[in-house]
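Residue-level structural notes
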Number of protein chains: 2
Amino acid sequence: MSHLTLALDVMGGDFGPRVTTPATLKALEQNPTLSFLLFGNQQQSAPFLEKIPPQYQQRIQFHHTEQVIDANASFSLAIKQSKNSSMRLAIEAVAKGLADGCISGGNTGALMGLAKLLITPLPNIDRPALTSLIPTMNGQSTVMLDLGANVEVNKKQLTQFAEMGNLFAEVMLDLVYPRLSLLNIGTEDSKGTQLIRDVHQHLRTRHDINYQGFIESDKLLNHLTDVIVCDGLSGNIALKALEGAAKNIISLHKNPESSHLCLMVKNYVMKAILYPYYRKLQKINPDRHNGATLLGLSKVVVKSHGGANEKAFFYAIEYAARQVQSQIPQQIQQRLVHL
Amino acid sequence: MSHLTLALDVMGGDFGPRVTTPATLKALEQNPTLSFLLFGNQQQSAPFLEKIPPQYQQRIQFHHTEQVIDANASFSLAIKQSKNSSMRLAIEAVAKGLADGCISGGNTGALMGLAKLLITPLPNIDRPALTSLIPTMNGQSTVMLDLGANVEVNKKQLTQFAEMGNLFAEVMLDLVYPRLSLLNIGTEDSKGTQLIRDVHQHLRTRHDINYQGFIESDKLLNHLTDVIVCDGLSGNIALKALEGAAKNIISLHKNPESSHLCLMVKNYVMKAILYPYYRKLQKINPDRHNGATLLGLSKVVVKSHGGANEKAFFYAIEYAARQVQSQIPQQIQQRLVHL
């Protein structure tokens, strides 16, 4: 496997270097061919960087900067204050060819805006789409795009999302002729907006795409399809609704207020009884699916959840590394140019 | 409390009279002022009708029909085959003034289509909106509309949804100056489509509405607002995503494959331990929030979930009865005409 370099915004996300640095170490341990360009505040990162053993230090280059984009800043303010920020420097490193891809857990709007501004888009793609692998109940994944980069799209753009998602599923999920569906509010031909119906009619004529028709958002987790295509407004709303429901329901579970049994006995018995449940829940743990990529650019740009823990951030790094290794941008350019 | 009559599609929903008839009995028991016009197949309903004690029978009029709209029929086919169907007869009873409101668990598209066709719309409302009370984690409810009646709306229509939802929350949730939010994919002014931003700017100027700004779909269950306003595409996608997530996660819980303990002991211990969890879960049980109303018509029309059980269908009946008693359509007509 060839050597690859990732640029990383150390300061991005709710926990900054406390999470990003140990996740980097984990990635270095597991991928001997991986190097990192880290961008962030040296003083704040030092306590965490010191814990990285010397044999891994040589695969890290740290670039100090004082500037950080506020996670809650509005898009325009974030772009204004982006100069020399850890996020912008990471993206610039990719744009200049110093790194093969970048990862940040920082301000989503700023990351998407800067990536679109600084990284060459693929010539055959109108608009990049925010793309994730979403977890399904059977422990598999479904590709979903767009998750929020484009709130208003046209037929050509939505069709390009379908083409990119199709290729992404082939490569990242190792599928032949992946099933592809359009998100809609019903499964009949007459449902949805004119745009959705137009793309539906078009995809039906495409023999290179294994088009399954419409899918409703209550089926997103059921692995009935491999690629779910939608505009950024619908996709963002669907995904966040899923996340909110999952978080809320799991939070109920974590705090049972029982006082029926002595605490120790209770904990032991709960573990024994609930083990299979936790094991199943583990399968759909969002940590393992952290990372959204801006598909349609000439380089790999991955957004981690702001609230990602060390393990989740590690998965976002892996997600970026796999895309670089699989040459996703190059494949999109080659494949889609032939259509 | 004045006497009221509800028309009921006995055949609608996945279980037909098996569910709708006992739910009707429960409603009769709990509401001495309530009568029913039931529409459905006499033979199929007889075994369930017989179980209704004589003192309640007198508040029921059963109208036999052989016709039933297929739950899975396309909209156009459903409308074509609707003549003399149990659903259409129930709606016609309301349109003719024989009943004050109607409830059906049948084909959603057909119910919305027939209701719009047969029941006079309120003169000051462009488009009726599918409206529900959605359960929140603290055991309260939030009004949400539109949930799928209008996939494409304009500024005026979305503003009317806000006005209707505002009044609905005041009356049905007994709130003074309810908090109202617009569903969007972020909370900054710059987020979302031009339409969402336009309505956002307008609602900010309205002193008669306690406008809170944008809300994201991961917060729907957290009771951060009392009314959530959106177009029918976004609303349907958000709600179904919530439902799908809840169903899937709860299904994990219901089938723990544990074989660590003797089954009886396990069940007893699980009940003891999980009681507080179930009690909390009970609060957000969708059964208690079954029923979506087509707000903006001159009469009350309620859609029950097709898969509703007896208890859930009973709640849909209660939901319709409360709207009739509170004179929701009349209040919308009076209030909105003054704007």
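Given the structure is predicted, the values throughout are model-derived calculations rather than measurements.

**Structural notes on the sheet that holds strand β3 (residues 60–64) of chain B**
All names here are of chain B. Ordered by their spatial adjacency, 11 strands build an open sheet running β3-β2-β1-β4-β11-β10-β5-β6-β9-β7-β8, and the pairing between neighbours is mixed. Where the open sheet ends on each side, the last strands, each with one partner, are β3 and β8 (210–215). Put simply, the sheet's adjacent strands are angled 25° from each other on average, direction ignored. Inspection of the sheet shows strand β1 (residues 4–9) paired to strand β4 (residues 101–104) by three bridges, in the parallel sense. In the strand pairing of β4, Leu6 is matched with Gly101. Lying over the sheet, helix α5 (residues 86–95) contacts β1, β2 (34–40) and β4, oriented at roughly 160° with respect to β1.

**A closer look at the nonpolar core**
Within the largest apolar cluster, 208 residues are counted, with the highest numbers of intra-cluster contacts made by Leu6(A), Ile317(A), Leu6(B) and Ile317(B). Contacts of Leu6(B), omitting those with residues within four sequence positions, involve Leu34(B), Ser35(B), Phe36(B), Leu37(B), Ala99(B), Gly101(B), Ile103(B), Ile317(B), Ala320(B), Ala321(B) and Val324(B).

**With respect to the pairing of β1(B)**
Residue and element names in this part refer to chain B. With six of six residues buried, β1 lies mostly within the body of the structure. Burial along β1 is two-sided: the face carrying Leu4, Leu6 and Leu8 and the face carrying Thr5, Ala7 and Asp9 are both buried. For β1 and β2, the ladder comprises six bridges, and the chain directions are parallel. Opposite Asp9, over in β2, you have Phe39 as the bridge partner. You can see the chain leave β1, run along helix α1 (residues 17–30) and come back into β2, and the turn it takes is right-handed.

**Some points on the sheet that holds strand β3 (residues 60–64) of chain A**
Strand pairing within a sheet occurs via backbone hydrogen bonds; the two strands may be parallel or antiparallel. Residues and elements named next belong to chain A. Pairing in this open sheet of 11 strands is mixed, and the strands run β3-β2-β1-β4-β11-β10-β5-β6-β9-β7-β8 from one edge to the other. The outermost strands of the open sheet, each flanked by one partner alone, are β3 and β8 (210–215). Adjacent strand axes in the sheet meet at a mean angle of 25° when their direction is disregarded. Across two bridges, strand β10 (residues 292–295) lies against strand β11 (residues 300–303) in antiparallel orientation. Across the sheet, residue Thr293 finds its bridge partner in β11, namely Val302.

**Quick notes on the side chain of Ser104(B)**
All names here are of chain B. Its location among the elements puts Ser104 in strand β4. Within the structure, the side chain of Ser104 is placed 2.9 Å from the backbone nitrogen of Gly106, a separation counted as a polar contact. The residues touching Ser104, leaving out its near neighbours within four places in the chain, are Asp9, Gly12, Met87, Leu111, Val302, Lys303 and Ser304.

**Regarding the pattern of salt bridges**
Counted by the stated rule, this structure contains 18 salt bridges over all chains. With its nearest N and O atoms 2.5 Å apart, the salt bridge here joins Arg335(B) to Glu170(B). Of this pair, Arg335(B) sits in helix α12 (residues 328–337) while Glu170(B) sits in helix α7 (residues 155–172); the two residues are 165 residues apart in sequence, bridging distant segments of the chain. Given the relative accessible area of 34%, Arg335(B) is considered partly exposed. Judged by relative accessible area, Glu170(B) falls into the partly exposed class, the value being 23%. The salt bridge involving Arg206(B) is made with Asp208(B); its shortest N-O contact spans 2.8 Å. Each of Glu163(A), Arg206(A) and Asp208(A) takes part in one network of salt bridges that share partners.

**Section: the packing of α5(B) against helix α6 (residues 108–118) of chain B**
All names here are of chain B. Contact geometry of α5 with α6 gives a least axis separation of 10 Å together with a crossing angle of 30°. Judged by the inter-axis angle, α5 sits roughly parallel to α6. Judged by the twist between their axes, the crossing of α5 over α6 is right-handed. Residues Met87, Arg88, Ile91, Glu92 and Ala95 of α5 pack against Ala110, Leu111, Leu114, Ala115 and Leu118 of α6. Each residue belonging to the contact of α5 with α6 can be placed in one class, and the counts come to eight nonpolar, no polar and two charged.

**Here's the deal with helix α11 (residues 310–325) of chain B**
Residue and element names in this part refer to chain B. The terminal C-alpha atoms of α11 lie 22 Å apart, and with 16 residues this matches the ideal 22 Å at 1.5 Å per residue to within 8%. Along α11, the residues that are buried comprise Ala312, Phe313, Phe314, Ala316, Ile317, Glu318, Tyr319, Ala320, Ala321, Gln323 and Val324. Regarding α11, its N-cap is Asn309, as a side-chain oxygen of that residue lies 3.2 Å from the backbone nitrogen of Lys311 further along. Following α11 by one or two positions, Gln327 adopts a phi angle in the positive range, close to 55°.

**Quick word on the packing of helix α7 (residues 155–172) of chain A against helix α8 (residues 194–204) of chain A**
Residues and elements named next belong to chain A. Relative orientation of the contacting elements α7 and α8 amounts to 50°, with a least axis distance of 10 Å. The orientation of α7 relative to α8 falls into the category oblique. In the crossing of α7 with α8, the sense of the turn from one axis to the other is right-handed. Residue-level inspection shows Lys155, Leu158, Thr159 and Ala162 of α7 in contact with α8, the latter providing Leu195, Asp198, Val199, His202 and Leu203. When grouped by side-chain class, the residues that make up the contact of α7 with α8 number five nonpolar, two polar and two charged.

**What to know about the confidence of the model for chain A**
Regions with low pLDDT should not have their predicted coordinates read in detail. Summary statistics for chain A give a mean pLDDT of 89 and a share of 88% for residues scoring 70 or more. What the predictor reports for the complex is a pTM of 0.88 with an ipTM of 0.86.

**With respect to the packing of aromatic side chains**
Residue and element names in this part refer to chain A. This model, assessed by the stated rule, comprises four aromatic pairs over all chains. Between Phe168 and Tyr319, the ring centres sit 6.1 Å apart and the planes meet at 75°, which makes this aromatic pair edge-to-face. Here Phe168, found in helix α7, pairs with Tyr319, found in helix α11 (residues 310–325); they are 151 residues apart in sequence, far enough to count as distant. The exposure classification of Phe168 matches that of Tyr319, with both residues buried. The ring of Phe314 carries the charged tip of Lys26 above its face, separated from the ring centre by 4.6 Å.

What counts and what doesn't
Residues numbered from 1 in each chain as written. Chains lettered and ligands numbered in written order. Predicted model: local features only at pLDDT ≥ 70, side-chain atom pairs only at ≥ 80, totals over all residues. Heavy atoms only, no water. Pairing = 2+ DSSP bridges. Helix = DSSP H or I, 4+ residues; strand = E, 2+ residues; numbered from the N terminus. Axes fitted to C-alpha atoms, helices over the stretch in contact; angles between N-to-C directions. Contact = heavy atoms within 4.5 Å. Core = buried A, V, L, I, M, F, W, Y, C linked by side-chain atoms within 4.5 Å. Buried < 20%, exposed > 50% of the residue type's maximum accessible area, 1.4 Å probe, protein only. Right-handed = clockwise from strand over helix to strand, strands pointing away. Polar contact = N/O pair within 3.5 Å; in protein donor to acceptor, adjacent residues only side chain to side chain. Salt bridge = Lys/Arg side-chain N within 4 Å of Asp/Glu carboxyl O. Parallel < 35°, antiparallel > 145°, perpendicular 65-115°, else oblique. Left-handed = near helix turned anticlockwise from the far one by under 90°. Nonpolar A, V, L, I, M, F, W, Y, C, P; charged D, E, K, R; others polar. Expected span 1.5 Å × (residues − 1). pLDDT = per-residue confidence, 0-100. Phe/Tyr/Trp six-rings, centres within 6.5 Å; stacked < 30°, edge-to-face > 60°. Lys NZ or Arg CZ within 6 Å of the ring centre and 35° of its normal.

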